[in-house]
Amino acid sequence: ASIGSLNKGAEIKVGNSDVFLLFSALQGLFGVPELSCPEGFQEAQDKALQDSEQLVQKACSTPPGPETVKIFDQLSDSLCRVADLADFVKVAHPDFAFREAAEEACRNIGTVVEKLNTDVELCQSLRRLLGDETVMSSLDPETRRVAELFMFDFEISGIHLDEEKRKKAVDLNVRILDLCNEFLIGTHIPNKIDKHVLPEHIRYNFTAEGNYLQVAGLHADCPDDLVREAAYKIFLHSNSQQLARLEELLASRNSLAQLVGYDTFAHRALQGTMAKTPGMRHVWKDMLRNQMSGILFQMLMPWDHPYYSGVLRAERYNIDPGLYCPFFSLGACMEGLNSLFSQLLGISLYAEQTKRGEIWSEDVRKLAVVHETEGLLGYIYCDFFQRPDKPHQDCHFTVRGGRLKENGEYQLPVVVLMLSLPNSARGAPTLLSPGMMENLFHEMGHAMHSMLGRTRYQHVTGTRCATDFAEVPSILMEYFANDYRVVNQFARHYKTGQPLPKNMVSRLCESKKVCAAADMQLQVFYAVLDQIYHGKHPLKKSTTEILKETQEKVYGLPYVHNTAWQLRFSHLVGYGAKYYSYLMSRAVASMVWKQCFAQNPFDRAMGERYRREMLAHGGAKEPMLMVQGMLQKSPSVEDFVDALVSDLDHDFETFIMDS
């Protein structure tokens, strides 16, 4: 079926049809038979734990060799297949009972993982392998690296400690998991205010609840200055419970890091990344700040920046999102991705009919990812549309990692792409704004990484790699989405079929540079704040005082009294001490684009090199070695900074003052 007819989803047969049809015929979420009801999570969890016990015994009794690594990976896979799936279901399923059951499964599996990471006998089986130089020298590089990564997990969990301290490490990890969940929930809870506090003429912008108004966001795009100011001050008003959660989370992370032998949580978190240490990150962060000094303007308040950025883009380039949306129907954008992947990588996307119980909402679509010679590579479930209780965030979830199974078959990866697209009117296609289209390309970059990171071991498959490398494929896709040669291939008016005029594409791409410096300065601020929070403890000041000081020093826009933006900083959960990863990944993506794809975004030879050097390895290769393989040189710190700064519009400050 044509990928453009995403709403129709006709079934197809490709690649290994036996595997394909078997997977399609299963019932239950994602074709997992147990998950036809919420209670199935308990059954799936019990089975995973039973399998893990047997695998632990097997690992401990197996002589040192490649079989040891295979058993460890099977153990990891048996737990991840439940935990990863549950991690998605707990946030996205419309049925509360499913979300609750998935949340419980996540917590239980997470607790088991932390205990296994401090299991001395299990660790000894791996240590015997790593200590046998003869056996280690006979292993291939991927197997050797995976063995070392498993040992690294033991070490950062405190395997070297005595029994009492190991138990303390497990307890801290479990408490951190709970705090992360509680903090994450708290970042999205609306704030209430007595409606009489606000002027009557702006109350309609907020949801009424008796005598109160609910403020659930920043209303950053609202043209009314007073609405934006009110939303900012109310939504970001401090909350004592959320503040206590954050303080305990940061303190617990620091305690865990010091318990297992690190100076700070940041030192622990950055092991194995491209940055290596917090010190390395400070070097290029300071250089970036120096190169961008003076770019920001001083006359705005924090609630003004997002709105006026849009106004300035529209003024300078005559950009009205409403003019572009008719050219970016969801079907056209998916056809564009399909065409790009076909030309670059020999990959096609096909819509497939789902079975009863396989999906969690009727508007979810399933795509088969098929290579022209290798056949079926995996599946992408597209959960694209808004619905009640669904988070308003765009993200990629690994549901099942790829790996080479014991019978010689390859376990196909399964992922979900979650967007928040508006529901279209009956009979009309879903129309995307330019920003939505770019986000779609970004998330599809993650999906291709998952599909093409076909490693032997699921522990390092796809996006299971260093955090500061994981965003490279997705950010690189943004460069494709902003290139007129790519956009011209698919942007067609949904009524007339007229292509998007070249000058409109060029204006759209150029408009992205307006306020790019301010946006990047904001990212630097987030990264610095994250590093301070996860740096030396006890913190010298409260998290709010640190926010105020860092915002005024790094960002330039003033702190607003009685606000606590850090309590809405959800990235502190998944990207704790690693928020800088977005900047580092963007620098790498920029270098890859300019050197490899800017001249011809459809270059098949470069596409194959990109797959071979960067996508294919997942986390089975040192991230900097993958970057060096793609660029055919070792980039310096100055190269990283120059790559970021070169994407900015250097006429920005002059334009602001003229405006």
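Look up: the structure comes first, before these words.
Values in this document were obtained by computation on a predicted structure and should not be read as measured data. (Residues numbered from 1 in each chain as written. Predicted model: local features only at pLDDT ≥ 70, side-chain atom pairs only at ≥ 80, totals over all residues. Heavy atoms only, no water.)

Undergrad: Would you mind going over unusual backbone geometry with me for this structure?
TA: One can expect most non-glycine residues to show negative phi and most peptide bonds to be in trans. The residue after H537, namely P538, is reached through a cis peptide bond having omega 0°. Summarising the element assignment, P538 is placed in the loop between α21 (516–533) and α22 (543–555). The phi dihedral of A577 falls on the positive side, at around 70°, and the residue is not glycine. For A577, a relative accessible area of 0% translates into the label buried. (Helix = DSSP H or I, 4+ residues; strand = E, 2+ residues; numbered from the N terminus. Buried < 20%, exposed > 50% of the residue type's maximum accessible area, 1.4 Å probe, protein only.)

Undergrad: Looking at this model, I keep getting lost on the state of the cysteines. Mind explaining?
TA: By definition, a disulfide links the sulfur atoms of two cysteines through a covalent bond. One pass over the structure, following the stated rule, counts 0 disulfides. For C180, which is in no disulfide, the shortest distance to another cysteine sulfur is to C106 and amounts to 12 Å. (Disulfide = S-S within 2.5 Å.)

Undergrad: Looking at this structure, how should I read α22?
TA: Residues lying three or four places apart along an α-helix face the same way, a consequence of the helix completing one turn every 3.6 residues. Residues of α22 that are buried: T543, T544, I546, L547, T550, Q551, V554 and Y555. Looking down the long axis of α22, one finds its buried residues gathered within 150° of arc, a one-sided arrangement. Positive backbone phi, approximately 105°, marks G556, located one or two places after α22. (Arc of directions from axis to C-beta.)

Undergrad: Just checking my understanding: could you explain the packing of aromatic side chains for this structure?
TA: One pass over the structure, following the stated rule, counts 26 aromatic pairs. Where F72 meets F154, the ring centres are 6.2 Å apart and the plane angle is 80°; that geometry is what we call edge-to-face. Residue F72 is located in helix α3 (residues 66–92), and its partner F154 is located in helix α7 (residues 141–156); the two are separated by 82 residues in the primary sequence. Of the two residues examined, F72 and F154, each falls in the buried class. Between Y526 and W565 the ring centres are 4.6 Å apart and the planes differ by 5°, which places this aromatic pair in the stacked class. In this pair, Y526 is assigned in helix α21 and W565 in the loop between α22 and α23 (571–574), connecting sequence segments 39 residues apart. According to the relative accessible area criterion, Y526 is buried, its value standing at 14%. (Phe/Tyr/Trp six-rings, centres within 6.5 Å; stacked < 30°, edge-to-face > 60°.)

Undergrad: Sorry, what's going on with the packing of helix α2 (residues 40–61) against α3 here?
TA: To describe two helices that pack against each other, one gives the angle between their axes and the distance between the axes. Packing of α2 against α3 brings their axes to within 9 Å, and their N-to-C directions diverge by 165°. Taken together, the axes of α2 and α3 lie roughly antiparallel to each other. In this structure, α2 meets α3 at a crossing whose hand is left-handed. Touching F41, A44, Q45, A48, L49, D51, S52, L55, V56, K58 and A59 of α2 are E67, I71, F72, Q74, L75, S78, L79, V82, L85, A86 and V89, all from α3. Looking at side-chain class alone, the contact of α2 with α3 contains 15 nonpolar, 4 polar and 3 charged residues. (Axes fitted to C-alpha atoms, helices over the stretch in contact; angles between N-to-C directions. Parallel < 35°, antiparallel > 145°, perpendicular 65-115°, else oblique. Left-handed = near helix turned anticlockwise from the far one by under 90°. Contact = heavy atoms within 4.5 Å. Nonpolar A, V, L, I, M, F, W, Y, C, P; charged D, E, K, R; others polar.)

Undergrad: I would appreciate a short explanation of the pairing of strand β3 (residues 212–215) in the present structure.
TA: On a regular strand, each side chain points to the face opposite its neighbour's, so the side chains alternate between the two faces of the sheet. Going residue by residue along β3, you find L213 and V215 tucked away on one face and Y212 and Q214 left uncovered on the opposite face. The pairing of strand β1 (residues 191–194) with β3 spans 4 bridges and is antiparallel. Of the residues in β3, the one forming a bridge with K192 is Q214. Sheet analysis places strand β2 (residues 207–209) next to β3, joined by 3 bridges and oriented antiparallel. Residue pairing in the sheet places E209 in a bridge with Y212 of β3. Between β2 and β3, which pair antiparallel in sequence order, lie 2 residues; one of them, G210, sits at a positive phi of approximately 65°. (Pairing = 2+ DSSP bridges.)

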